[in-house]
Amino acid sequence: MDGTPARISIKQLETSLVSLRGLEVVLGKVVQDDWDEKMGPTPYPSVTTLRSWDHRLLQRYEPFYSPLCDMCCLCTYGKCDLTAGKKGACGIDIRTQQGKIVLLACLMGAATHATHSRHILDYLIKKRGRDHPISLGEEVILEAPIIRTVAGVRPKTLGDLEEVVDYVTSQITQLLSATATGQESNYLDYESKALHAGMLDNVALEISDIAQISGLNFPKGDPNAALIDIGMGVVDKSKPVILCVGHNVAPGAETIDFLEKEGLYGQVEVAGICCTAHDLARYRSGAKIIGPLSKQLMFVKSGVADVMIVDQECVRADIVEEAQKVGTRVITTVDQICAGLPDMTSTSAESVIEQLTSGKQRAVLVRDPVKVAQIAVKTALSIAPARRGQTVSKDEEILAAATKCTLCHECRRACPNDLEIDVAVNEARSGSMQKLLLLYDFCMNCGRCVSACARHIPILDLLEIANREKIKNERFKIRAGRGPILDTEIRNVGRPIVMGEIPGVVAFVGCSNYPNGGKELAEMADEFARRRFIVVASGCSAMDMARYNDENGQSLYEKYPGDFDAGCIANVGSCVANAHIIGAAIKIANIFAKRPLRANFEEIADYILNRVGAVAIAWGAQHQKAASIGTGVNRLGVPVILGPHGAKYRRAYLGRSDKDERWMASDVRSGRSVYVGPAPEHLMYVAETKEEAMVMAARLVMRPSDTSKGRLIKLSNYIDLHRKLFGKMPEDFHLFVRTETDLPLGMKDVLLTMMKEKGWKPKEIPELGSTILDRLVSRKV
Amino acid sequence: MTVAVPWQTGNIVGPKNALLLTPENCARLLKAAKRPLIVVGAHATKPSVGLPDLIEYVLRLAKLIKAQVAASPAVQSQFKSSGSQQVFGLGLEDLTNRLNDKQWKGFDGKGGYDYVLMIGGVYYFESQMLATLKHFAPHVRTVSLDRFYQPNATFSFSNMDLGKWKEGLDAMIEELGGKD
């Protein structure tokens with residue numbers, strides 16, 4: 001595409017029909033379509049373009065609602081009680097209202113990612129120019145699989161991405177309007193809209209990440225990307241420390257550039273928390289990662305950072321306040337987080353530095369990444385020496401506060417994970433820190449216990465004191481986010497994935513609101529990698545997986561190769577790099593199976609649903625962004641498993657393995673109706689325990705079009721995991737057996753006997769596979 | 001009506017909250033159940049939540065009220081001495097989805113359940129499953145047998161410590177005629 005506006009000028013035209021003088025027509029853009037792939041059926045789909053696909057999915061995977069609140073408080077009619085069949089004043093019932101809330105959550109997520117993509121794109125266009133090429137390296141020809149599939153365009157430059165951002169944002173507005181009182185009135189249509197919002201979110205992810213890979217030269221699918229230090233103890237406190245918190249790498253990257261330009265890189269520590277940390281490490285391997293969102297409060301309270309740069313997303317609402325308490329200077333950098341601070345974007349850098357250094361201002365808003373970098377570095381250099389000398393231990397004061405504990409249990413009752421904080425704090429009264437020591441790995445540092453304590457005991461500070469040595473030495477290795485999956489990797493694994501010889505792709509994604517600490521995530525990933533699944537990771541999950549060493553002192557990233565292949569663990573990067581995991585599923589359909597992807601969402605999704613054994617585990621999903629990413633992934637036919645806190649998203653998409661009629665599809669060759677169930681059994685499922693999630697993942701990678709050899713391998717993993725984790729044979733394994741050739745050989749006789757008792761009968765396996773899209777049937781009978 | 005504060009204090013759900021039951025009243029209520037199902041969650045034997053011998057309590061209760069037992073797969077293997085009592089394993093979200101369906105014929109295919117008794121679940125997760133049943137399964141009455149008040153149940157015990165809870169469960173079993 002060429003972004004140059006076309007100008008047509010007619011000085012004078014006289015015909016029998018018209019007489020013109022001085023006509024000038026300016027076209028904003030001329031599209032030069034040199035893509036040899038024919039335009040597919042659904043370019044830039046509107047809110048209703050893919051509605052029939054959504055409804056087909058929702059017929060099989062019905063929305064399952066678990067309301068978090070029985071009331072509707074969205075308009076002045078309310079509060080309306082919607083309990084058990086009651087309707088609100090506007091006529092809405094609880095099911096429809098839950099659909100509305102889910103859509104709102106997905107829209108928050110999608111809008112956040114869309115804004116992120118706009119910010120990063122504007123920054124990079126300013127820095128590199130509109131014509132800067134999108135390049136993900138020589139081994140990635142299919143650079144934007146989601147954008148190609150959804151929009152039907154093939155972006156070549158940063159400027160080409162602008163119209164895609166425009167599309168996403170305009171659709172989000174359309175969807176948001178449907179949530180107003182008096183608009184959409186059907187829960188399934190709310191869900192269809194939520195699926196649309198999720199898809200838009202996924203497009204926004206891809207815009208952001210391909211733009212920043214191209215514009216900032218991040219790793220381009222490198223399985224051997226650098227190993228990076230991660231942990232609460234990785235920062236060299238003798239140096240000035242700049243901490244970046246959030247998701248937008250621009251100010252952090254500029255900070256590194258400035259340090260390099262001034263010859264100071266290495267003399268100042270640049271560290272990050274949350275996805276900004278991922279992206280800083282993709283930019284320069286010397287950047288350090290403190291950890292995921294759950295480490296934000298404790299690290300900031302430590303006062304180690306001299307300057308904190310706050311960008312966007314997943315930033316605690318009290319973080320500016322907490323930073324100021326410990327003398328850390330704060331610079332917020334985007335419209336989304338002004339934090340009540342004076343806007344000093346137009347003030348000279350020297351003046352801002354002087355005000356921050358002198359303490360006249362302790363926190364400011366500066367919406368210019370280049371200026372932020374200069375201010376952050378100079379302020380950190382200026383205040384660090386004095387701050388190092390000022391360190392005053394408050395340990396005695398904090399320990400004394402513990403003696404005020406009355407064991408009222410309010411801290412435990414405020415804790416999202418019901419941790420026995422009460423007992424631990426009470427024990428600290430007598431000087432024993434043992435229980436506080438044990439809590440550290442399970443605490444998500446949300447701080448609700450601190451707010452709940454009527455005696456104002458600084459519980460997180462106590463936790464820090466108890467774990468000081470551990471925190472000081474907390475240092476692990478994570479592989480920097482590699483970005484895209486290479487086309488060559490897809491060629492290598494496409495066939496074994498679709499045939500089932502690689503049992504599946506398991507993606508560990510999402511936030512850090514875990515039910516039992518982050519270690520469970522590492523244990524799950526380790527198990528699946530050992531079983532030769534392809535394991536991929538992103539965001540907070542990718543970080544937490546790194547934060548545990550095995551008996552040889554190695555993290556998972558040191559233990560397993562970083563390829564997209566069986567028995568490997570690939571960290572793709574930050575949240576927005578989730579686009580590459582989603583894109584890999586699309587690439588399998590396109591590169592391996594030669595399915596046309598251009599504006600061809602339904603066919604690609606149908607292919608993935610029926611053939612690509614991929615599943616995502618969002619074990620600590622907390623943010624609305626995780627809801628929108630996951631819902632978008634669902635529209636593409638990939639199931640998602642959530643941890644138990646995920647029930648508070650209020651909605652799952654559940655199949656019913658006992659209802660055969662829901663599992664009918666069409667034989668691609670003949671069009672005959674065939675039973676293909678229950679695979680994949682659910683689209684979004686909340687598991688109560690890690691063990692349940694793992695066994696469910698082994699179930700959800702099964703697909704109707706698995707070859708017998710593939711199903712045999714998948715079934716073996718399912719049965720074996722079930723026996724290992726639950727101590728017995730699964731009662732329902734026979735549901736996944738289509739013919740005897742699906743059965744694992746070593747257990748065949750035993751299984752056949754059990755199946756006979758259950759009245760199992762062989763089922764047909766469509767030779768060329770199945771589809772739920774009528775238009776894909778070759779010949780109807 | 002007596003109203004209790006949810007164990008997780010932020011879990012305020014709306015105007016309709018579980019009616020408080022004493023263990024003795026609970027026993028009387030359960031005598032009226034025609035086809036009860038006991039649902040055992042993943043925290044049944046977790047020290048700070050459940051009891052080491054909670055599985056035995058469940059089996060005794062099931063026998064007394066002729067209930068079927070379903071367990072979260074993670075605890076199903078702990079029912080080693082279940083004798084003739086069959087324990088069905090199913091993820092609680094999947095199970096709740098089936099309980100929502102009035103047409104579902106239960107694990108044995110003989111019909112749906114009129115009482116669903118939940119015990120030992122992850123508190124907030126169990127709360128969400130109870131919310132589903134509260135809104136969408138009017139054909140089911142739910143009872144939380146945990147030591148934590150669950151507002152989304154139809155009936156719930158109040159918040160109590162482990163000792164009181166154990167005493168209460170003993171009293172309930174005794175009231176149902178199950179004194180050792």
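Residues numbered from 1 in each chain as written. Chains lettered and ligands numbered in written order. Predicted model: local features only at pLDDT ≥ 70, side-chain atom pairs only at ≥ 80, totals over all residues.

1. Considerations on the overall build of chain B
We apply this condition: By definition, any uninterrupted DSSP run of H or I lasting at least four residues is a helix, any uninterrupted run of E lasting at least two residues is a strand, and each is numbered from the N terminus. Radius of gyration means the value over C-alpha atoms here, while the globule rule gives 2.2 Å times the residue count to the 0.38 power. Three classes are used. A residue is buried when 20 or more other C-beta atoms lie within 10 Å of its own, exposed when 12 or fewer do, and partly exposed in between, with C-beta atoms placed from the backbone. We call two residues in contact when their backbone-placed C-beta atoms lie within 7 Å.
Per the secondary structure count, chain B includes six helices and seven strands. A globule of 180 residues ought to have a C-alpha radius of gyration of about 16 Å, and chain B, at 15 Å, matches this closely. Along the first, second and third principal axes, the C-alpha atoms of chain B reach 40 × 40 × 30 Å. When the 180 residues of chain B are sorted by exposure, 53% land in the buried category. Counting contacts in chain B only where the partners sit at least 6 residues apart, residues at least 24 apart contribute 64% of the total.

2. Digging into helix α2 (residues 94–128) of chain A
Residues and elements named next belong to chain A. The line we're drawing: A helix is expected to span 1.5 Å multiplied by its residue count minus one.
When the terminal C-alpha atoms of α2 are compared, their 50 Å separation across 35 residues agrees well with the 51 Å that a helix rising 1.5 Å per residue should span. When you tally the buried positions in α2, you get 26 out of 35 residues, the bulk of the element. Positive backbone phi, approximately 100 degrees, marks G129, located one or two places after α2.

3. Re the sheet that holds strand β4 (residues 87–89) of chain B
Sheet strands line up and pair through hydrogen bonds in the backbone, either parallel or antiparallel. Residue and element names in this part refer to chain B. This is how it is decided: Pairing between strands is defined by DSSP: at least two bridges between them are needed.
Strand order in the open sheet formed by seven strands is β1-β7-β6-β5-β2-β3-β4, and the pairing between neighbours is parallel. Edge positions in the sheet fall to β1 (19–20) and β4, since each has one partner strand and no second. Looking at chain direction, strand β5 (residues 115–119) and strand β6 (residues 141–144) are connected through four bridges and run parallel. By the bridge assignment, V116 is partnered in β6 with T142.

4. Focus on the domain arrangement of chain A
Residue and element names in this part refer to chain A. Here is the rule: Reported domain spans reflect what an automatic or database domain assignment gives. Each residue is assigned to one class: nonpolar for Ala, Val, Leu, Ile, Met, Phe, Trp, Tyr, Cys and Pro, charged for Asp, Glu, Lys and Arg, and polar for all the others, Gly among them.
In terms of domain boundaries, chain A breaks down into domain 1 (1–32), domain 2 (67–216), domain 3 (227–389), domain 4 (395–472) and domain 5 (476–776). Centre-to-centre separation of domain 3 and domain 4, based on C-alpha positions: 28 Å. Each partner contributes to the interface: domain 3 provides nine residues, whereas domain 4 provides seven residues. Of the residues that constitute the side of domain 3 that touches domain 4, the class distribution is three nonpolar, four polar and two charged.

5. Let's talk about unusual backbone geometry
Residue P678 of chain A is reached from G677 of chain A by a cis peptide bond, and omega for that bond is -15 degrees. Relative to the helices and strands, P678 of chain A is located in the loop between β21 (673–675) and β22 (684–686). Across the junction of A679 of chain A and P680 of chain A, the peptide omega takes the value -15 degrees, indicating a cis bond. Inspection of the secondary structure puts P680 of chain A in the loop between β21 and β22. Positive phi is not limited to glycine here, since A84 of chain A has a value of about 45 degrees. In this fold, A84 of chain A is placed in the loop between β5 (80–81) and α2. For A84 of chain A, a count of 15 C-beta atoms within 10 Å corresponds to the partly exposed category. With a phi close to 55 degrees, K66 of chain B is a non-glycine residue in the positive phi region.

6. Some details on the packing of α2 of chain A against helix α5 (residues 187–216) of chain A
Any two packed helices are characterised by the angle at which their axes cross and by the distance between the axes. All names here are of chain A. Rule in force here: Simply put, an axis is a line fit to the C-alpha atoms, just over the touching stretch for a helix, and the angle between two N-to-C directions goes from 0 to 180 degrees. Relative orientations are named as follows: roughly parallel for angles under 35 degrees, roughly antiparallel for angles over 145 degrees, roughly perpendicular for angles from 65 to 115 degrees, and oblique for any other angle. Rotating anticlockwise by less than a right angle from the far helix to the near helix defines a left-handed crossing, while the corresponding clockwise rotation defines a right-handed one.
Between α2 and α5, whose axes approach to 8 Å, the crossing angle comes to 20 degrees. Between α2 and α5, the angle is such that the two are roughly parallel. In the crossing of α2 with α5, the sense of the turn from one axis to the other is left-handed. Considering only residue class, the contact of α2 with α5 consists of 18 nonpolar, ten polar and seven charged.

7. Looking at the pairing of strand β7 (residues 241–245) of chain A
Regular strands have side chains that alternate between both faces of the sheet. All names here are of chain A. In terms of residue burial, β7 counts as a mostly covered element, since five of its five residues are buried. Because side chains alternate across β7, one face comprises the buried residues V241, L243 and V245, and the other comprises I242 and C244, equally buried. Where β7 meets strand β8 (residues 269–273), five bridges bridge the pair, whose relative direction is parallel. Within the sheet, the bridge partner assigned to V241 lies in β8 and is E269. Summarising the sheet, β7 and strand β10 (residues 307–310) pair through four bridges and their orientation is parallel. Looking at β10, one finds that V245 is bridged to V310.

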